[in-house]
Amino acid sequence: MGFTFVSYDTGFRGAIIIASAVSYLAWGVIHHYLHKDLYFVVFLEYLIIAFFGAVIGLSLIFSS
Amino acid sequence: MVDYASKLSHLFIPGYSNNHKAKVLHPESILVIIFLVIFSQYLIQTFPKSGVRVLGYAANISVDEIIRLTNQKRADAGVQSLSFSATLASAAKAKGEDMLAKDYWAHVAPDGTEPWKFFTDAGYKYRYAGENLARDFSSASTTVDAWNASPSHKENMLSGKYDEIGVAVVEGDFNGVDTTIVVQLFGKGYGDNIAQAIPTSSAVAGNANTVPTSMPTAFPTKVLPTLTPSSTPTPMVIIAKSGTPPTTPQKTLVSPFNTTKGVSIVTIVFLMAVFTIDIFTVSRRKIARVGGRAFAHMAFLGMILIIIIIARAGQIL
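Computed from a prediction, not measured in an experiment: that's the story for all the values here.

Points about the overall build of chain B
Okay, so step 1: Along chain B, the regular secondary structure elements total nine helices and seven strands.
Okay, so step 2: Buried residues in chain B amount to 48% of all 317 residues.
Okay, so step 3: Carbon and sulfur atoms form 63% of the exposed surface of chain B, whose accessible area is close to 14600 Å².

In structure tokens:
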């Protein structure tokens with residue numbers, strides 16, 4: 001929704017992307033911690049997927 | 001043939017050779033994909049600067065349509081229509097050309113040139129002034145809609161302090177990419193709206209108005225416009241024709257935005273497809289492994305995909 005309503009505000013769109021990526025990483029860590037299967041490789045996996053999403057989103061925003 | 005199939009299986013299907021996780025989904029593989037995405041962006045940004053002119057934003061934006069849509073918005077808000085000022089249009093054209101010549105995207109030029117200098121240079125004596133900028137839009141309607149969606153730009157468009165408008169659509173090389181810039185200037189000059197004949201009127205001030213002064217000044221004080229939108233519509237007036245119809249021919253160009261969008265969508269769909277195979281295979285073979293939740297990864301990537309699909313090109317300032 002935020003992305004639609006601020007569709008021409010580059011800074012805000014970038015902030016949404018970064019916030020989404022950080023939130024996803026945090027969710028992954030908390031989720032696996034609660035399930036007692038949080039290992040470094042799991043953390044690394046979420047970190048890389050979140051980074052991938054951020055790179056993809058930000059590259060589009062800043063190419064316009 | 002068998003070797004080729006086993007390599008594909010190693011890449012996309014969880015099994016003994018890839019530690020029961022598709023090789024493409026291993027962290028190092030995703031890092032390679034990230035690197036490729038960044039490299040493709042580098043190429044898209046670098047190609048135009050090296051003289052390869054295939055990237056750009058093709059547009060077909062009409063000045064008259066910008067003015068008509070702006071007056072339509074004002075009519076919807078119960079504000080009087082703006083009359084066309086050839087002087088303001090001239091100032092807008094000068095501003096747009098200055099941005100292209102100096103490669104900047106801002107109200108104030110890198111050398112400190114304030115926006116209202118273009119008003120005074122064009123001979124417009126102003127009491128109030130405002131400036132809206134847009135670039136990389138493909139039509140007049142999306143441009144005006146973008147301004148209308150931004151509170152500060154909307155204030156400029158609907159301010160009752162202005163009675164004249166000038167618009168220029170300038171196309172040219174901007175940092176190596178063919179770009180269309182739209183400059184929309186508002187003003188209220190001295191002498192009751194006779195700007196077409198006499199080059200005396202207003203000046204610009206970013207997204208705000210200028211305080212009325214008895215003499216035009218190059219540094220007007222900015223104040224927020226007081227808006228009193230009314231629900232009562234007023235008749236729309238389609239204003240004067242510009243002397244130079246800004247026809248922007250449609251070009252066959254590859255948009256950097258659309259290119260990036262295509263690359264991003266293909267990459268995400270590819271990863272989601274591999275995750276789908278992974279989920280299916282792990283479920284079917286009842287593989288127990290330490291790792292993240294593939295469904296969660298799919299959901300996150302799906303959200304990024306939606307963002308990419310709804311993202312639109314164009315910037316306003």
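Things to note about the overall build of chain A
Okay, so step 1: In terms of regular secondary structure, chain A is built from three helices and zero strands.
Okay, so step 2: Start at the N end of chain A and walk to the C end: the helices and strands fall as α-α-α.
Okay, so step 3: Considering chain A as a whole, with its 64 residues, one finds that 52% of them fall into the buried category.
Okay, so step 4: A separation of at least 24 residues holds for 49% of the contacts in chain A among residues at least 6 apart in sequence.
Okay, so step 5: Of the roughly 3200 Å² of accessible surface on chain A, a fraction of 78% belongs to carbon and sulfur atoms.

Some words on the interface of chain A and chain B
Okay, so step 1: Taken together, the contacts link 33 residues of chain A with 43 residues of chain B.
Okay, so step 2: Here chain A packs against chain B, burying approximately 3300 Å² in sum over the two surfaces, 72% of which is carbon and sulfur.
Okay, so step 3: Linking chain A to chain B there are two salt bridges.
Okay, so step 4: When the shortest N-O distance is used, the salt bridge between Asp37(A) and Arg293(B) registers 3.4 Å.
Okay, so step 5: Those elements that provide at least two residues to the side of chain A that touches chain B are helix H1 (2-5), helix H2 (10-34) and helix H3 (40-61) of chain A.

Brief notes about the pattern of salt bridges
Residues and elements named next belong to chain B.
Okay, so step 1: Evaluation of the coordinates by the stated rule reveals 13 salt bridges over all chains.
Okay, so step 2: In this structure, Lys 23 and Glu 28 form a salt bridge, with 3.0 Å as the shortest nitrogen-oxygen distance.
Okay, so step 3: For Lys 23, a relative accessible area of 25% puts it in the partly exposed group.
Okay, so step 4: For Lys 188, the salt bridge is made with Asp 163, and the minimal N-O distance between the two is 3.3 Å. Here Asp 163 lies in the loop between helix H7 (151-158) and strand S3 (164-174) and Lys 188 lies in strand S4 (residues 177-189), a separation of 25 residues in the sequence.
Okay, so step 5: The buried category is assigned to Asp 163, whose relative accessible area is 9%.

Points about the environment of Asp278(B)
Residue and element names in this part refer to chain B.
Okay, so step 1: Residue position: Asp 278 is located in helix H8 (residues 256-285).
Okay, so step 2: On the basis of relative accessibility, which here comes to 1%, the residue Asp 278 falls in the buried class.
Okay, so step 3: What Asp 278 contacts, discounting residues up to four positions off in sequence, is Pro 14, Lys 21, Ala 22, Leu 25, Arg 289 and Ala 294.

Some thoughts on the UniProt feature "transmembrane region" (unreviewed entry) in chain B
Residues and elements named next belong to chain B.
Okay, so step 1: As annotated by UniProt and renumbered to match this structure, "transmembrane region" (unreviewed entry) occupies residues 262-282 and 294-314.
Okay, so step 2: For the annotated span residues 262-282, helix accounts for 100% and strand for 0% of the residues, and the straight-line distance between the end C-alpha atoms is 30 Å.
Okay, so step 3: Regarding residues 294-314, the helix share stands at 81% and the strand share at 0%, and the terminal C-alpha atoms are separated by 35 Å.

Quick notes on the rules
- Residues numbered from 1 in each chain as written.
- Chains lettered and ligands numbered in written order.
- Predicted model: local features only at pLDDT ≥ 70, side-chain atom pairs only at ≥ 80, totals over all residues.
- Heavy atoms only, no water.
- Helix = DSSP H or I, 4+ residues; strand = E, 2+ residues; numbered from the N terminus.
- Buried < 20%, exposed > 50% of the residue type's maximum accessible area, 1.4 Å probe, protein only.
- Areas by Shrake-Rupley, 256 points an atom, 1.4 Å probe, with all protein chains shown as cover.
- Contact = heavy atoms within 4.5 Å.
- Buried area = accessible area lost by both parts, 1.4 Å probe.
- Salt bridge = Lys/Arg side-chain N within 4 Å of Asp/Glu carboxyl O.
- UniProt positions renumbered as here; feature names shortened; annotations may be inferred.

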